[in-house]
Amino acid sequence: MRPYYKYIMPIVVVKLSMLFIISCNADDYEQKDETMQFYVDTSLLSTSIYLEDSNISLRPPLGWDAISDIEFEQLSKSIQNGDNIFDIRLNRVFKSVDGALMIISQVQSKLYNFGYVPPDYVDLLSEQFNIENIPTLKFPINKIPIIQYLINTDDFVIIRFFIGSNISYQIDYIIPRNIYEKELKKIESSIGSINKQKEKK
């Protein structure tokens, strides 16, 4: 099986050697936390974006800008042509001047409740990164179901989560370890900003 997201390296200028991300196991939760709270500092966030074809909005970290149209098209084609575990469509990509990435992808599946993920994903992920412990949480943010996985390597940290809505989304925050502490409050605020769009009256 070809590792997921290896296409990022030649396209987005980020020096994260051997960056591979796979998808996750929705059935193996190490922890369930129905009361998790994220501190949201709006001064650390950009303006709201809306996830295409869904009722979900969120705010990228401040200073993380959209990649160029050329980079986006190259990355999108690479993902479409790749041997992915399930079909996804690249939606948006943001990056910081220090090389952190926020990658938003729409899951192309009619299965709900995270049923599109394979049952053996955590094992594949552990093997790919050569790490044993992958902290996993299932919790709601503003009544929106979320699955979150934390992947720690020597060089970078990946916070991956899936959003369960009318349309499912996968979002990856990829942060070089040397700037992780500096960016953490921004990322926490960004994740905590996930919300449902207000219905128009």
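Residues numbered from 1 in each chain as written. Predicted model: local features only at pLDDT ≥ 70, side-chain atom pairs only at ≥ 80, totals over all residues. Heavy atoms only, no water.

Engineer: How do you make sense of the nonpolar core when you look at a structure like this?
Structural biologist: In a soluble, globular protein the nonpolar side chains are often hidden away together inside. By size, the foremost hydrophobic cluster in this structure holds 27 residues, and its most contacted members are Ile-163, Tyr-173, Ile-175 and Ile-194. Contributing elements (two or more residues each) for this core: β3 (56-58), β6 (101-107), β7 (136-141), β8 (144-152), β9 (156-163), β10 (169-176) and α3 (180-192). Once residues lying within four places of it in the same chain are set aside, the contact partners of Ile-163 are Leu-51, Ile-56, Phe-114, Ile-144, Pro-145, Ile-146, Ser-168, Tyr-169, Ile-171 and Ile-194. (Core = buried A, V, L, I, M, F, W, Y, C linked by side-chain atoms within 4.5 Å. Buried < 20%, exposed > 50% of the residue type's maximum accessible area, 1.4 Å probe, protein only. Helix = DSSP H or I, 4+ residues; strand = E, 2+ residues; numbered from the N terminus. Contact = heavy atoms within 4.5 Å.)

Engineer: For this particular structure, what's the right way to read the packing of aromatic side chains?
Structural biologist: One pass over the full model with this rule turns up three aromatic pairs. For the ring pair Phe-38 and Phe-139, a centre distance of 5.7 Å and an interplane angle of 40° mean the geometry is tilted. Here the residue Phe-38 occupies a position in the loop between β1 (31-32) and β2 (49-50), and Phe-139 occupies one in strand β7, the gap between them amounting to 101 residues. Among the aromatic residues, ring-to-ring pairing joins Trp-64, Phe-161 and Tyr-173 into one connected group. (Phe/Tyr/Trp six-rings, centres within 6.5 Å; stacked < 30°, edge-to-face > 60°.)

Engineer: Any chance you could explain the pattern of salt bridges here in plain terms?
Structural biologist: Enumeration according to the criterion identifies five salt bridges in this entry. For Arg-89, the salt bridge identified is with Glu-52, shortest N-O distance 3.6 Å. Taken together, the positions of Arg-89 in strand β5 (residues 88-95) and Glu-52 in the loop between β2 and β3 put the pair 37 residues apart, joining distant regions of the chain. Its relative accessible area of 26% is what places Arg-89 among the partly exposed residues. Between Lys-186 and Glu-183 there is a salt bridge, and its shortest N-O distance comes to 3.9 Å. In this pair, Lys-186 and Glu-183 are both assigned in helix α3, three residues apart and thus about one turn of the helix distant. Like Glu-183, Lys-186 is buried. (Salt bridge = Lys/Arg side-chain N within 4 Å of Asp/Glu carboxyl O.)

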